[in-house]
Amino acid sequence: MERSVLPSFSTLSRMFPPSTPRHVAGAALTSARMIREAGRRAGTGAALLGARGMTAAAKGGLSLAASTGSIPLRTVGAAAIAAGSVLPGVELPVAAREEAATTSVVRRGVGLVTGVPRNALGAGRALLDLHPRRQRRQVWAEHGHAYIDVRGIDGDGREARDLAGHATAAVRHLRGVRWAEINAVTGQMLVAYDERRVGVDRLLATIRKVEDDRGTSEEGFSWTRPAHPGDGAPIAVATTELAVDCVAVLAAVAEKVFALPPVPRWIRLPLALPDLSPGVRRRIDHRIGPIETELVLALANAVVHGMSAGILPPAVDALYRSLLLGETWSRRQVWRRREPELCSGSACVPAEAPDGPPRPRPRPGGPVEKWCRVVESAALGAAAATLALTRQPGRAGDTILVMVPKAATYGREGFAAVTAWRLAGRGILPLDAGAYRRLDRVSAIVIDSAVLRSGHLPAPTAGAVLDAARATGAKVFLTDRANVADLRPLADEMLGAGTGLAAHVRRLQEEGQTVLVVSEADCAALAAADVGVAVPAPGSATCWSGDLICRARTGDVWYVLRAVAAARPVSERGVRLAQAGSALGVLLAFAGPRRTSGPGAITATYLAALLALLWGAATGLLVTMETAPMPIPLRVGRVR
């Protein structure tokens, strides 16, 4: 076996003077490892072996060049660091080592400083995109692939198709572009290109020129399409919200320490309306966009609660934001890992979006939605009763505030955030992060039997997956094929092959069901589903209509179904905690001491929210820590 020529950390450390920070040598070692790995993958084993014979010559040559001044010390030092993996033991003058270390640190610092304005500008544009249609163009580039929004291709008409054709043709003509296609599902252009010959700026300039020529340069993008997994806007929003909540905690502490007068409690009332009424929240979403709505409300709540409601509300909100940040970060990371696999060629990009009728009726509400409707109709009545009995508008306002169903929403959010984070670590990619928030409403599970009988799927067996589906309490439907006769006793109903799977999904939705579909390649059914779980076979095209993209094994499906089984109990417990917190808060608002009724009532609501958040997060952690079962014998009978 070939002996490694990579120098050790201590060897690299000795190349730098004692005053040089240790992380510089660490960076050199990391670079050396990357160089060696790149060489190994490129098949340069012979060059690495030959480097041993060159070491003596390199020692003398570099030392002579440095001592005579024929090569600048900066160049010698940089060359030594870059070649550290193949030229071990090279000794340089102290001046050369100091110059190399200084150059490395300066270059890193300059890169960091110059990158801050660019990143801040991009985040600012994302956070200030307050329009009925998204104005900011999403652009993601890595691994020689770029995903770029194109203005004007949202529609299905001839003009949109012509624009898509002109844009792809213009980009394909660029030198260095391998191929370019429009993803009809996501509305983005996917470009494979040689990063050494063409850059993202050139791709963007070409697309902008086509948009200008076609008169679509001022058009926006629909907010209904989920954010791209590689988009940095959700991370910027979550980070901003978390920072503001932390500042609000400090403001609340300062208020207590210095006995500052709190702001009037009535200021909090307008901020409670979006939480009390989903209709109000939807109208704000349509006006400025969902991401911006979340940011604006979070900032306003942090400021007002930090100055009027004590320490607990902003602290609970900060914990919630930290979970959201972890979820959005993990979503971006799993996309970066799986993107080369999912987009290996132009055949992976759908040229047409699945065509079908819209959902026949609105999606039924789950435990959280049902309780929110009760609260929306009861809050004003409770406030009016409090005002009539106490003659104190402040107490009436507190009654409205404490009925906000924070615990109900935070329980589900905590479960969804941790579940998404953990399953992303297992390789499950959420194209739509909202899919985990809909798991508690799933009442019908439709499984394409091709997923269970594919030859590329290892354990757990089909029986274990169907067992997990039945354990959710939902009705289980299985497509009827010749090779699934042994699985029929495990399903509630077999779906005939004569009707398309998407038609079966629409029929179930018409009956009032919330449908989860597991399929390998039926993009129409995945698009029609309320939660679409795609399991693409190795080498096959990705169904971009799916909400969750699993890997080619049923273990991922098993984990998703286990999450479905846990989602509804978490939401139900959150609702019960919300009911208890609101009841205690109303009692304090009605009969508590006048001087402390407001903060005390709010504390009861947020204490319930904290318990629900922790319970949901813990449940998500426990569910995703389970081990997928090994092959088990099929069991006939209903499991509840």
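Residues numbered from 1 in each chain as written. Predicted model: local features only at pLDDT ≥ 70, side-chain atom pairs only at ≥ 80, totals over all residues. Heavy atoms only, no water.

Peer 1: Got a minute to help me understand the state of the cysteines in this structure?
Peer 2: Put plainly, two cysteines are in a disulfide when a covalent bond ties their sulfur atoms together. For the coordinates displayed, the defined rule picks out 1 disulfide. Linked covalently through their sulfurs, Cys523 and Cys543 form a disulfide whose S-S length is 2.5 Å. A torsion of -90° about the S-S bond marks the disulfide between Cys523 and Cys543 as left-handed. Placement of Cys523 in helix 19 (residues 523-528) and of Cys543 in the loop between strand 10 (531-534) and strand 11 (548-549) is noted, with a sequence separation of 20 residues between them. (Disulfide = S-S within 2.5 Å. Helix = DSSP H or I, 4+ residues; strand = E, 2+ residues; numbered from the N terminus.)

Peer 1: How should the sheet that holds strand 7 (residues 475-479) be read in this particular structure?
Peer 2: Strand pairs in the sheet, formed through backbone hydrogen bonds, run parallel or antiparallel to each other. Strands sit in the order 5-11-10-9-6-7-8 across an open sheet of 7 strands; the sheet is mixed. Two strands bound the open sheet, and with one partner strand each, they are strand 5 (429-430) and strand 8 (493-495). Note that strand 9 (residues 515-519) and strand 10 share 4 bridges and pair parallel. What sits directly across from Val517, in strand 10, is Gly532. Packing of helix 17 (residues 462-471) onto the sheet brings it into contact with strand 6 (444-447) and strand 7, and relative to strand 6 it is tilted by some 165°. (Pairing = 2+ DSSP bridges. Contact = heavy atoms within 4.5 Å. Axes fitted to C-alpha atoms, helices over the stretch in contact; angles between N-to-C directions.)

Peer 1: Would you take a moment to explain the packing of aromatic side chains for this structure?
Peer 2: Each aromatic ring pair is described using two quantities: the centre-to-centre distance and the angle formed by the ring planes. On inspection of all chains with the given rule, the structure shows 6 aromatic pairs. Residues Trp140 and Tyr147 carry aromatic rings whose centres are separated by 5.5 Å and whose planes lie at 55° to one another, so their mutual orientation is tilted. By relative accessible area, Trp140 is classed as buried at 5%. Tyr147 gets classed as buried once you look at its relative accessible area, which sits at 4%. Ring geometry for Trp335 versus Trp544: centroids 6.2 Å apart, planes at 65°, classification edge-to-face. (Phe/Tyr/Trp six-rings, centres within 6.5 Å; stacked < 30°, edge-to-face > 60°. Buried < 20%, exposed > 50% of the residue type's maximum accessible area, 1.4 Å probe, protein only.)

Peer 1: Whenever I open this one, unusual backbone geometry confuses me. Can you help?
Peer 2: Across residues other than glycine, the phi torsion is negative in most instances, and most of the peptide bonds are trans. Here the phi dihedral of His143 falls at roughly 60°; this positive angle occurs in a residue that is not glycine. With respect to the secondary-structure elements, His143 resides in the loop between strand 1 (139-142) and strand 2 (145-149). Look at His143 and you get partly exposed, because its relative accessible area is 42%.

Peer 1: Help me out: how do you make sense of the sheet that holds strand 4 (residues 188-193) in this one?
Peer 2: The strand order across the open sheet built from 4 strands is 1-2-4-3, with neighbouring strands paired in antiparallel fashion. Unpaired on one side and paired on the other, strand 1 and strand 3 (177-183) mark the two borders of the sheet. The sheet shows a mean angle of 15° between the axes of neighbouring strands, taken without regard to direction. By the bridge criterion, 6 bridges tie strand 3 to strand 4 in an arrangement that is antiparallel. Bridge assignment links Ala180 to a residue of strand 4, and that residue is Val191. Contacts between helix 6 (residues 158-172) and the sheet are confined to strand 3 and strand 4, with strand 3 contributing the most and set at about 165° to the helix.

Peer 1: Before we go on, may I ask you to explain the packing of helix 13 (residues 367-390) against helix 15 (residues 406-425) in this structure?
Peer 2: Describing two packed helices takes the angle between their axes plus the distance from one axis to the other. The N-to-C vectors of helix 13 and helix 15 enclose an angle of 165°; their axes lie 10 Å apart at closest approach. Looking at the two axes, helix 13 sits roughly antiparallel to helix 15. For the element pair helix 13 and helix 15, the recorded crossing hand is left-handed. Residues Val368, Glu369 and Trp371 of helix 13 lie in contact with helix 15, whose contacting residues are Ala408, Thr409 and Arg412. The residue inventory of the contact of helix 13 with helix 15, partitioned by class, reads 3 nonpolar, 1 polar and 2 charged. (Parallel < 35°, antiparallel > 145°, perpendicular 65-115°, else oblique. Left-handed = near helix turned anticlockwise from the far one by under 90°. Nonpolar A, V, L, I, M, F, W, Y, C, P; charged D, E, K, R; others polar.)

Peer 1: So what exactly am I meant to see when it comes to the side chain of Gln509 here?
Peer 2: Positionally, Gln509 belongs in helix 18 (residues 501-510). A residue is classified by how much of its surface remains accessible, and Gln509, at 0% relative accessible area, is buried. Separated by 3.2 Å, the side chains of Gln509 and Asp530 make a polar contact. Leaving out residues up to four positions away in the same chain, Gln509 has contacts with Arg359, Pro360, Arg361, Val515, Ala528, Ala529 and Asp530. (Polar contact = N/O pair within 3.5 Å; in protein donor to acceptor, adjacent residues only side chain to side chain.)

Peer 1: Explain empty space enclosed by the protein here, please?
Peer 2: Empty space among the atoms becomes apparent when a probe as large as a water molecule is rolled across them. One pass over the full model with this rule turns up 5 cavities of 30 Å³ or more. For the lining of the largest cavity, the per-class residue count stands at 6 nonpolar, 3 polar and 3 charged. (1 Å grid on protein atoms, 1.4 Å probe; cavity = no way out; pocket = protein on both sides within 12 Å on 5 of 7 lines; lining within 4 Å. Points joined across faces, edges and corners; volume = space filled by probe spheres on them.)

Peer 1: Where do I start with the side chain of Glu241 in this structure?
Peer 2: As for its position among the elements, Glu241 is in helix 8 (residues 233-258). Given a relative accessible area of 3%, Glu241 falls into the buried group. For Glu241, the contacting residues outside a window of four places in its chain are Glu294, Leu295, Ala298 and Arg321.

Peer 1: I tried to follow helix 15 on my own but got confused; where do I start?
Peer 2: Three or four residues apart is the spacing at which side chains of an α-helix point the same way, because the helix has 3.6 residues per turn. With 20 residues, helix 15 extends 28 Å from end C-alpha to end C-alpha; this agrees with the ideal 28 Å at 1.5 Å per step. Where burial is concerned, most of helix 15 is hidden: 16 out of the 20 residues are buried. Just downstream of helix 15 lies Gly427, where phi reads positive at about 105°. (Expected span 1.5 Å × (residues − 1).)

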